[in-house]
Amino acid sequence: MTITETGTALDTVVEPGDGALLTVPAGGRLQIVDLQGNQAVDTLLYDAHDIDNRYSAFDTIREQRAVFLTAGSRLLSTRLDELAVISDDTCGRHDTVGGACSQESNVIRYGEHTRHQHACRQTFLWYGAQAGIGQRQLTHNINFFMNVPVTSGGDLRFDDGLSAPGRYVELTASRDILVLISNCPQVNNPCNGWNPTPIQLVGWW
Ligand SMILES: [Zn+2]
């Protein structure tokens, strides 16, 4: 799915394994709805006018002094510009340290037999190409609705999700941004409840 026109309200469903590249103008609102629950939505943000000015998990975590994302989180860029704010959130917690799945990481984690399985990195490259986003522009991402608890010992786990059918997160763009989405097809860990499902994207601008 590809929508890049501005001035157009958006309401579409994205199947697991598919993605989207959206241009959201400053002040525009984008809701991502977890239609059936426990579905990870891997997301990258870019300054629409300079794709080298892109979402930075490190800067976002440091400046908000918290590891998880939720309502009020300011999503910062590598140049410390505010790309968007999470303006509403009925899930309550989102990950930005777990990264996106790739065929290579699947092989290392889950075995050679998973090499053929479609992964988020491929979706990012497929849709990103339309805006000149290549491998060099793919870095740490946001995983909306994904549950990656950090233990008191500092360990990460990929756990069963906290989300539920119909829960949503809403971004309000602080400047003109590109939103690159992969609706995660991962079936080898519980990030999608072992069963990837569709999401809905609703936009107002
Ligand atoms: Zn994935």
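Before going into details, it helps to say that this report is about the structure given with it. Computed from a predicted model, the values in this text were never measured in an experiment. (Residues numbered from 1 in each chain as written. Predicted model: local features only at pLDDT ≥ 70, side-chain atom pairs only at ≥ 80, totals over all residues. Heavy atoms only, no water.)

It is worth spelling out the environment of arginine 79 at this point. Tracing the chain through its elements places arginine 79 in the loop between strand E7 (74-76) and strand E8 (82-89). Residue arginine 79 is classed as partly exposed on the basis of its relative accessible area, which comes to 46%. Distance in space between the C-alpha atoms of arginine 79 and glycine 193 is 35 Å, their sequence separation being 114 residues. (Helix = DSSP H or I, 4+ residues; strand = E, 2+ residues; numbered from the N terminus. Buried < 20%, exposed > 50% of the residue type's maximum accessible area, 1.4 Å probe, protein only.)

So, on to the pattern of salt bridges. Using the criterion set out here, one finds 9 salt bridges in the structure. With a shortest N-O distance of 2.6 Å, aspartate 50 and arginine 79 are connected by a salt bridge. Remark: arginine 79 occurs in the loop between E7 and E8 and aspartate 50 occurs in strand E6 (residues 50-54); sequence separation between them is 29 residues. Measuring nitrogen to oxygen at the nearest pair gives 2.6 Å for the salt bridge that ties arginine 74 to glutamate 82. A relative accessible area of 41% means that arginine 74 is categorised as partly exposed. One connected set of salt bridges, linked through shared partners, spans Asp47, Asp81 and Arg175. (Salt bridge = Lys/Arg side-chain N within 4 Å of Asp/Glu carboxyl O.)

On to the coordination of the zinc ion. For the zinc ion, the full set of protein donor atoms is Cys101 (SG), Cys120 (SG) and Cys184 (SG), at a range of 2.2 to 2.3 Å. The sequence pattern formed by the donor residues of the zinc ion is C-x18-C-x63-C. Here cysteine 184 lies in the loop between strand E11 (177-183) and strand E12 (199-204) and cysteine 101 lies in the loop between E8 and helix H2 (103-110), a separation of 83 residues in the sequence. Of the two residues examined, cysteine 101 and cysteine 184, each falls in the buried class. (Donors = N, O, S within 2.8 Å, 3.2 Å for Na, K, Ca; no water.)

Our next topic: the nonpolar core. Core analysis: the largest hydrophobic core is formed by 28 residues, its most contacted members being Leu22, Ile32, Leu45, Leu75, Phe144 and Leu201. Residues Leu44, Phe124, Tyr127 and Ile133 belong to the second largest nonpolar core, which totals 10 residues. (Core = buried A, V, L, I, M, F, W, Y, C linked by side-chain atoms within 4.5 Å.)

Attention now goes to the sheet that holds E12. Sheet architecture is open: 6 strands sit in the order E2-E12-E4-E10-E8-E7, paired in antiparallel fashion. With one partner strand each, in any of the chains shown, strand E2 (10-14) and E7 form the two edges of the open sheet. Strand after strand, the sheet turns through a mean of 20° between neighbouring axes, direction not considered. Across 5 bridges, the pairing between E8 and strand E10 (residues 167-173) is antiparallel. By the bridge assignment, aspartate 88 is partnered in E10 with glutamate 170. (Pairing = 2+ DSSP bridges. Axes fitted to C-alpha atoms, helices over the stretch in contact; angles between N-to-C directions.)

Bringing helix H1 (residues 57-64) into the picture now. Burial in H1 covers these residues: Ala57, Asp59, Thr60 and Ile61. Backbone geometry just downstream of H1 places arginine 65 in the positive-phi region, at approximately 55°.

A few words on the environment of leucine 201. When you line up the elements, leucine 201 lands in strand E12. Taking the relative accessible area as the measure of exposure, leucine 201 reaches 0% and is therefore buried. Separated by 74 residues in the primary sequence, leucine 201 and tyrosine 127 have C-alpha atoms spaced 16 Å apart.

Attention now moves to the packing of aromatic side chains. Applying the stated criterion to the full structure yields 0 aromatic pairs. It is arginine 29 that lies over the ring of tryptophan 204; its NZ or CZ is 4.6 Å from the centre. (Phe/Tyr/Trp six-rings, centres within 6.5 Å; stacked < 30°, edge-to-face > 60°. Lys NZ or Arg CZ within 6 Å of the ring centre and 35° of its normal.)

We now examine a nonpolar patch on the surface. Together, Val67, Val97, Val150 and Leu156 make up a nonpolar patch on the protein surface, roughly 270 Å² of accessible area in all. Here valine 150 shows up in the loop between strand E9 (142-144) and E10. According to the relative accessible area criterion, valine 150 is partly exposed, its value standing at 35%. (Patch = residues over 30% accessible without salt bridge, like charges linked within 9 Å, V, L, I, M, F, W, Y side chains within 5 Å. Areas by Shrake-Rupley, 256 points an atom, 1.4 Å probe, with all protein chains shown as cover.)

Time to look at unusual backbone geometry. Negative phi values dominate among residues other than glycine, just as trans dominates among peptide bonds. With a phi angle near 55°, asparagine 38 is a residue other than glycine that sits in the positive phi range. Among the secondary structure elements, asparagine 38 is positioned in the loop between strand E4 (29-34) and strand E5 (41-47). Taking the relative accessible area as the measure of exposure, asparagine 38 reaches 17% and is therefore buried. The phi angle at tryptophan 194 is positive, at roughly 65°, despite the residue not being glycine. Within the secondary structure layout, tryptophan 194 lies in the loop between E11 and E12.

Read these as spatial facts, not as claims about activity.
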